[in-house]
Structure formats: structure tokens, C-alpha cells
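Overview (structure and organization)
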Amino acid sequence: MNKKSKVVRYNKWGYIFLLPFIAVFLVFQLIPLVSTIYNSFFLHMEDGLTVVGPTFIGLKNYSTIISNGDLPKYFTNTMIMWFMGFVPQILLSLLLGAWFTDPSLKLKFQRFFKTVIYLPNLIMASAFAMLFFTLFSDMGPINDILKNLGVIKESYQFMSHVWSVRGLVATMNCLMWFGNTTILLMAGMLGIDPALFEAAQVDGATATQIFYKITLPLLKPILIYVMITSLIGGLQMFDVPQILTNKTGDPMRTSMTLIMYLNKNLSVGSRNYGFAGALSVFMFILTGILSLIVFKVTGKDDKDGR
């Protein structure tokens, strides 16, 4: 048996190990994607026991989404709440990652603190939303504490003000995900050659200069990955605002996200499959465009062409 045939024989095992992934991808991703795109061209509704369609209507579902003006509004809501949560999340994760990976600080109980900051990621978003709904309700403990401290005289209605609701959603997303982001950034920091830091210290560089001139540039691939995955997760924001606002997106639908809008068209008793399919296609396109923009903006080549 020649060398080439032996390589081919070994290569077949790679394809065999890929078969489970290919099967899962086809069944749970590719086929539903194609089916969603196909159904978006049809009028197919269920209103109680009444079923309308499916009837081919071409691009009418898409034109309805564009003309009713809801998509830009809910997209803006989603991006505002994602940005409000992502900025403090990435700053906090960078700070904690720098602390935990700096051997000169000699921090004690690192394993304990790493476990603690990751724990919120393990809590169900629904439980987190219910907790914050109870804490910040009109008769909740936060209002009681503020009144006892003399900060306010009457209960502040957190759920009735636009920016307080958005702030609560952003805070919950930050608390739930900063632990996961910290772990990712720590992995990137630990992968940096310690000799670079030692050489910089010998040259008289301060800790701040080392962080901005060495750590951050070498973390760029991880930061791009974190930003893109966080953006995709932000576009899929659903459970926290859904539970916190009791499905309404109030006040005045300023906390209604794209997925909440999609779910509204697939609610029990009144399902609009064609419209929801078209909305899903719009979200798929938006996700691809935004991810590409982030990659292009943050992934520019250096001056030497690298």
C-alpha cells in the first residue's frame, strides 16, 4: 500500500467524525432556515380555530414590515439596551481579567472569586428577571431602603419610566454575562508570552502602559469574538425584558425587543407564520450585516499589512 492511499484511509475518519455535526446542522439549522424563508412568502395565519392559508403572496409580508415602522423602533430598543449592558460588562471584565492574571498582585482566594463571578451566568434569566421585578417594584425593598435613607419621599415607579426599565434590563444582562466574558479575556491574557511583560518592565514601562500597549493589542482577536457574540446575543434578547415588563415592552413599548416582537406574532391563539417568517429573515440579515461591520471596523489591518 502506497503512502497516498494510507493518507486517504486516515482522512475518511475525519469525515466520519464530522457526520454527527452535519446531521445536527441539517436537521436543526439548515432545514428550519430554508423552511422559514419559504414560509415568509405565504399568508398563513391561525386565529383561534380559524386557519387562513397558506396562500402565496410574494413579498407582501416584507413590505408590511417595512411600511408599519415597528422594525426600526424595536431594533433601536434592542441596540440601546444591548449597548447599555455591554459597555460596563466589557470594562468590568477587562479590569477583573487584568487583576486575576497579574502575578505581581499575588491575589489570594482566586479560585473562589472566579467561581463567584461566574455564578450569575448559571442562574436562569427568568429567575433573574423575577428577582429584579420584586426588588424594584413599587412596594419592593429597593424603594423601602431609599425611603428610609431619605433619598425619596414616595415610591419611585421603576417600571413606569423608560430609562429605568432599560437600565434594569441592561444591568441584568451585564451581571449575567460579565463572568463568562471575564473567563474568555483571562484565557486570552494568559496566552500572551510573559517575556513581553518582563521586557516592558525592564524598559521602564508602567502597568498602565503595559496594559494599553501590549495586553489590549494582543487581545484584539478575543475582543472581536466577544463583541460579535455579544451583539448576536443582544439581538436575541428576549426573556429578561419579556418577564420584567410582563410581555408588554412598556412603558410605551420602549423596551420591546425584536424577539419579543417576533414572539408576539407567534403567541398562542393568534399566530401569523408568514409575517413571523419574514421578520426572522430580516433579523438574520441584520445580524449578518452588523457582525460584518464589527469585524471590518475592529479587524483592520495594521500599517505593515498584517
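Above: the structure in question.
Just so it is clear, the structure is predicted and the values come from calculations on it, not from any experiment.

1. Observations concerning unusual backbone geometry
Residue proline 251 is bonded to the preceding aspartate 250 through a cis peptide linkage, with omega at 5°. By the element assignment, proline 251 lies in the loop between helix H11 (239-244) and helix H12 (258-264). The residue lysine 247 is not glycine, and still its phi comes out positive at about 75°. By secondary structure assignment, the location of lysine 247 is in the loop between H11 and H12. The exposed category is assigned to lysine 247, whose relative accessible area is 60%. Its identity is not glycine, yet methionine 252 carries a phi of approximately 55°, on the positive side. Positionally, methionine 252 belongs in the loop between H11 and H12. On the basis of relative accessibility, which here comes to 68%, the residue methionine 252 falls in the exposed class.

2. Observations regarding the packing of aromatic side chains
Summed over all chains, the structure comprises 14 aromatic pairs. Plain terms: the ring middles of phenylalanine 42 and phenylalanine 56 are 5.6 Å apart, the flat faces sit at 75° to each other, and that makes the pair edge-to-face. Taken together, the residues phenylalanine 42 in strand S1 (residues 42-47) and phenylalanine 56 in strand S2 (residues 50-56) connect sequence positions 14 residues apart. A residue is classified by how much of its surface remains accessible, and phenylalanine 56, at 57% relative accessible area, is exposed. Members of the aromatic cluster, connected to one another through ring pairs, are Phe128, Phe132, Phe136, Tyr156 and Phe158. Lying over the aromatic face of tryptophan 163, arginine 166 brings its terminal NZ or CZ to 4.8 Å of the ring centre.

3. Things to note about the packing of helix H10 (residues 220-235) against helix H13 (residues 273-298)
Any two packed helices are characterised by the angle at which their axes cross and by the distance between the axes. The N-to-C vectors of H10 and H13 enclose an angle of 160°; their axes lie 10 Å apart at closest approach. In this view, H10 runs roughly antiparallel relative to H13, as classed from their interaxial angle. The interaxial crossing formed by H10 with H13 has right-handed handedness. Here Lys220, Ile224, Met227, Ile228, Leu231, Ile232 and Leu235 of H10 come into contact with H13, specifically with Met283, Thr287, Leu290, Ser291, Val294, Phe295 and Thr298. Broken down by class, the residue content of the contact of H10 with H13 amounts to ten nonpolar, three polar and one charged.

4. As for the pairing of S2
Here S1 pairs with S2 via five bridges, running antiparallel. Considered in S2, the bridge of aspartate 47 is made with threonine 50. Hairpin remark: S1 followed by S2, antiparallel, with two residues in the connecting loop; positive phi at glycine 48, about 70°.

5. Side note on the nonpolar core
Counting 49 residues, the largest nonpolar core has Ile65, Leu94, Phe132, Leu168, Met172 and Leu244 as its most contacted members. Considering each element in turn, this core owes the most residues, nine residues, to H13. Ignoring anything within four residues of it in the chain, the contact list for phenylalanine 132 reads Met159, Leu168, Thr171, Met172, Leu175 and Leu244. Among the nonpolar cores identified, the runner-up in size contains five residues, and Leu96, Phe100, Ile117 and Phe178 belong to it.

What counts and how
Residues numbered from 1 in each chain as written. Predicted model: local features only at pLDDT ≥ 70, side-chain atom pairs only at ≥ 80, totals over all residues. Heavy atoms only, no water. Helix = DSSP H or I, 4+ residues; strand = E, 2+ residues; numbered from the N terminus. Buried < 20%, exposed > 50% of the residue type's maximum accessible area, 1.4 Å probe, protein only. Phe/Tyr/Trp six-rings, centres within 6.5 Å; stacked < 30°, edge-to-face > 60°. Lys NZ or Arg CZ within 6 Å of the ring centre and 35° of its normal. Axes fitted to C-alpha atoms, helices over the stretch in contact; angles between N-to-C directions. Parallel < 35°, antiparallel > 145°, perpendicular 65-115°, else oblique. Left-handed = near helix turned anticlockwise from the far one by under 90°. Contact = heavy atoms within 4.5 Å. Nonpolar A, V, L, I, M, F, W, Y, C, P; charged D, E, K, R; others polar. Pairing = 2+ DSSP bridges. Core = buried A, V, L, I, M, F, W, Y, C linked by side-chain atoms within 4.5 Å.

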